[in-house]
Amino acid sequence: MIYTVTLNPSVDYVVFSSVALGTLNRAEKTFKFAGGKGINVSRVLKAHQVPSTTLGFIGGFPGDFIKEALLESKIENDLIEIEDDTRINIKLKGSSETEINAPGPVIKQQDTEKLLEQIKQFKTEDTLVLAGSIPASMEPSVYQQIAEICPCKLVVDAEKELLMSVLASGPVFIKPNKTELEEIVDRKLESDEDIKHAARELIKQGAKNVMVSLGGDGAMLISESLVYKAEVPAGKVVNTVGAGDSTVAGMLAGCEQGLSLADSFKLAVASGTATAFTEDLATYEQIQNILPDVRVTIV
Ligand SMILES: Nc1ncnc2c1ncn2[C@@H]1O[C@H](COP(=O)(O)OP(=O)(O)O)[C@@H](O)[C@H]1O
Ligand SMILES: O=P(O)(O)OC[C@H]1O[C@](O)(COP(=O)(O)O)[C@@H](O)[C@@H]1O
């Protein structure tokens, strides 16, 4: 089983509107989606017909919205109910994309312990996807703690210290975007060669594979001995929220379906791009339509 863990889920409130600060703006259209990185990974895995169970903390009316959405999509969950409200993140789609992600609810120590107990029960053949930020009330060491007790394969998509803290546990893959990788190595990455070297620094610290997403420039997959680059087709970008999560889900789906590393990577990038070209997360058909136009090469 694939378990996705989202410590800080969100309702994503997507607002298509021109934005002028300090005055009234009227939106053209709005959408509410069940979000947060692990939840998005589960939703796109579902599109690939790969089952998963989503874990984490959920509370209040935004929590009810997310549970309802998971139920509707027939995604299993073992979410822990908390008293505080799950956050609402604002995604403004004007002439450019602006995001405001909230800090998240208060998580009590006893609830963190419940989650750790759930994770300890996983089997060696399971996969745990640990993704996204942690609520401001949680200890930053929680990712490291989870990685250390996790008895199965680990996949991580998170920023800076959270990501760094799990490397020693040997995640099978991690997915920083280029900006996140630059922040980690504390320098600008101008070329594929620069990205490769930066990714290999994380491999030296324990990561098995590093998938670096490059927005409209596609992605790179770097391991100790190989480097793949994927280029994406041109298209109309509608909403990139969840594109990175879709990439993670596509990679997992490919591996789960027994595809080669290169073909899994191709499916990952097609999944990310298909999501960037649509309002919500991509459907199976949208991903399949993009797939033949993704070009993967060894660099
Ligand atoms: N402008 C775009 N055009 C085409 N594909 C895109 C675009 N932006 C994102 N994607 C796709 O989504 C993937 C993840 O996007 P990225 O922005 O790098 O990740 P994150 O959402 O984690 O910041 C990319 O590797 C690519 O496949
Ligand atoms: O946990 P964080 O880092 O605040 O990110 C949460 C946000 O990221 C998302 O999961 C989207 O992530 P990506 O665009 O990186 O795929 C949203 O659903 C959510 O609002």
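Residues numbered from 1 in each chain as written. Chains lettered and ligands numbered in written order. Predicted model: local features only at pLDDT ≥ 70, side-chain atom pairs only at ≥ 80, totals over all residues. Heavy atoms only, no water.

If you look the protein up in an unreviewed UniProt entry, it shows as Tagatose-6-phosphate kinase from Macrococcus carouselicus. In the Function (unreviewed entry) part of its UniProt record, the protein is described as follows: "Catalyzes the ATP-dependent phosphorylation of fructose-l-phosphate to fructose-l,6-bisphosphate." (UniProt positions renumbered as here; feature names shortened; annotations may be inferred.)

This paragraph deals with unusual backbone geometry. Backbone phi values are negative for most residues with the exception of glycine, while trans is the configuration of most peptide bonds. Non-glycine residue K74 carries a positive phi angle of around 60°. Even without a glycine there, the phi angle at K160 is positive, about 30°. One can find K160 in helix 5 (residues 160–164). Note on K160: relative accessible area 35%, which makes it partly exposed. (Helix = DSSP H or I, 4+ residues; strand = E, 2+ residues; numbered from the N terminus. Buried < 20%, exposed > 50% of the residue type's maximum accessible area, 1.4 Å probe, protein only.)

What follows is about the packing of helix 8 (residues 243–256) against helix 9 (residues 261–276). Two numbers describe how helix 8 lies on helix 9: the axes approach to 7 Å, and their chain directions differ by 150°. In this view, helix 8 runs roughly antiparallel relative to helix 9, as classed from their interaxial angle. As for how helix 8 packs across helix 9, the hand of that crossing is right-handed. Here A243, S246, T247, G250, M251, A253, G254 and C255 of helix 8 lie close against helix 9, whose contacting residues are L261, S264, F265, L267, A268, S271, G272 and T275. (Axes fitted to C-alpha atoms, helices over the stretch in contact; angles between N-to-C directions. Parallel < 35°, antiparallel > 145°, perpendicular 65-115°, else oblique. Left-handed = near helix turned anticlockwise from the far one by under 90°. Contact = heavy atoms within 4.5 Å.)

This brings us to the layout of surface pockets. Each pocket or cavity is described by its volume, and for the second largest pocket that value is around 200 Å³. T127, K153, V172, L252 and C255 are, among the 15 residues lining the second largest pocket, the residues nearest its centre. If you list the elements that add at least two residues to the lining of the second largest pocket, you get strand 10 (153–157) and helix 8. Its residues assigned to classes, the lining of the second largest pocket comprises nine nonpolar, two polar and four charged. (1 Å grid on protein atoms, 1.4 Å probe; cavity = no way out; pocket = protein on both sides within 12 Å on 5 of 7 lines; lining within 4 Å. Points joined across faces, edges and corners; volume = space filled by probe spheres on them. Nonpolar A, V, L, I, M, F, W, Y, C, P; charged D, E, K, R; others polar.)

On to the sheet that holds strand 3 (residues 29–35), then. Spatially, the four strands line up as an open sheet ordered 3-2-7-8, and their pairing is mixed. Looking at which strands have only one partner, the edges of the open sheet turn out to be strand 3 and strand 8 (97–100). Going across the sheet, the axis of each strand differs from the next one's by a mean of 20°, ignoring polarity. By the bridge criterion, four bridges tie strand 7 (residues 87–93) to strand 8 in an arrangement that is antiparallel. In the sheet register, L92 faces strand 8, and the bridge partner there is T98. Along the sheet, helix 2 (residues 60–72) makes contact with strand 2 (10–16), strand 3 and strand 7, crossing strand 3 at roughly 80°. (Pairing = 2+ DSSP bridges.)

Another point: the state of the cysteines. Taken as a whole and assessed by the stated rule, the structure comprises zero disulfides. Unpaired in this structure, C150 has its nearest cysteine sulfur neighbour in C152, at a distance of 3.6 Å. (Disulfide = S-S within 2.5 Å.)

The subject of this paragraph is helix 3 (residues 109–120). Under the 1.5 Å per step criterion, the end-to-end length of helix 3 is 17 Å for twelve residues, consistent within 8% with the ideal 16 Å. Where helix 3 is concerned, the buried positions are D111, T112, L115, L116, Q118 and I119. Considered in projection along helix 3, the buried side chains sweep an arc of 155° and stay on one side of the axis. In helix 3, the exposed positions angled more than 90 degrees off the buried face are occupied by Q109 and Q110. (Expected span 1.5 Å × (residues − 1). Arc of directions from axis to C-beta.)

Moving on to the site of ligand 2. Residues in close proximity to ligand 2 total 18 residues, the closest being D12, K37, S133, G242 and D245. At 3.3 Å from an oxygen atom of ligand 2 is found a side-chain nitrogen or oxygen belonging to S10. One of the backbone N or O atoms of S133 is found 2.8 Å from an oxygen atom in ligand 2. When residues of the shell around ligand 2 are traced back to their parent elements, those giving at least two are strand 2, helix 1 (37–47), strand 7 and helix 8. Tallied by class, residues from the shell around ligand 2 come to two nonpolar, eleven polar and five charged. (Near = heavy atom within 4 Å. Polar contact = N/O pair within 3.5 Å; in protein donor to acceptor, adjacent residues only side chain to side chain.)

Around ligand 1 sit 19 residues, and of these N177, S213, G215, G218 and T273 come closest. Between an oxygen atom of ligand 1 and a side-chain N or O atom of K175, the distance comes to 3.1 Å. The separation between an oxygen atom of ligand 1 and a polar main-chain atom of G244 is 3.1 Å. Surface burial for ligand 1 is 82%, taken as the share of its 550 Å² of free accessible area covered by protein chains. Of all the secondary-structure elements, those providing two or more residues to the shell around ligand 1 are helix 8 and helix 9. The residue inventory of the shell around ligand 1, partitioned by class, reads eight nonpolar, ten polar and one charged. (Areas by Shrake-Rupley, 256 points an atom, 1.4 Å probe, with all protein chains shown as cover.)

It is worth spelling out the packing of helix 3 against helix 4 (residues 142–149) at this point. For the pair helix 3 and helix 4, the least separation of the axes is 9 Å and the interaxial angle reads 25°. Judged on the interaxial angle alone, helix 4 and helix 3 are roughly parallel. The handedness of the crossing between helix 3 and helix 4 comes out as right-handed. Along its contact with helix 3, which presents T112, L115, L116, I119 and K120, the element helix 4 presents V142, Q145, I146 and I149. Here the residues of the contact of helix 3 with helix 4 sort into six nonpolar, two polar and one charged.

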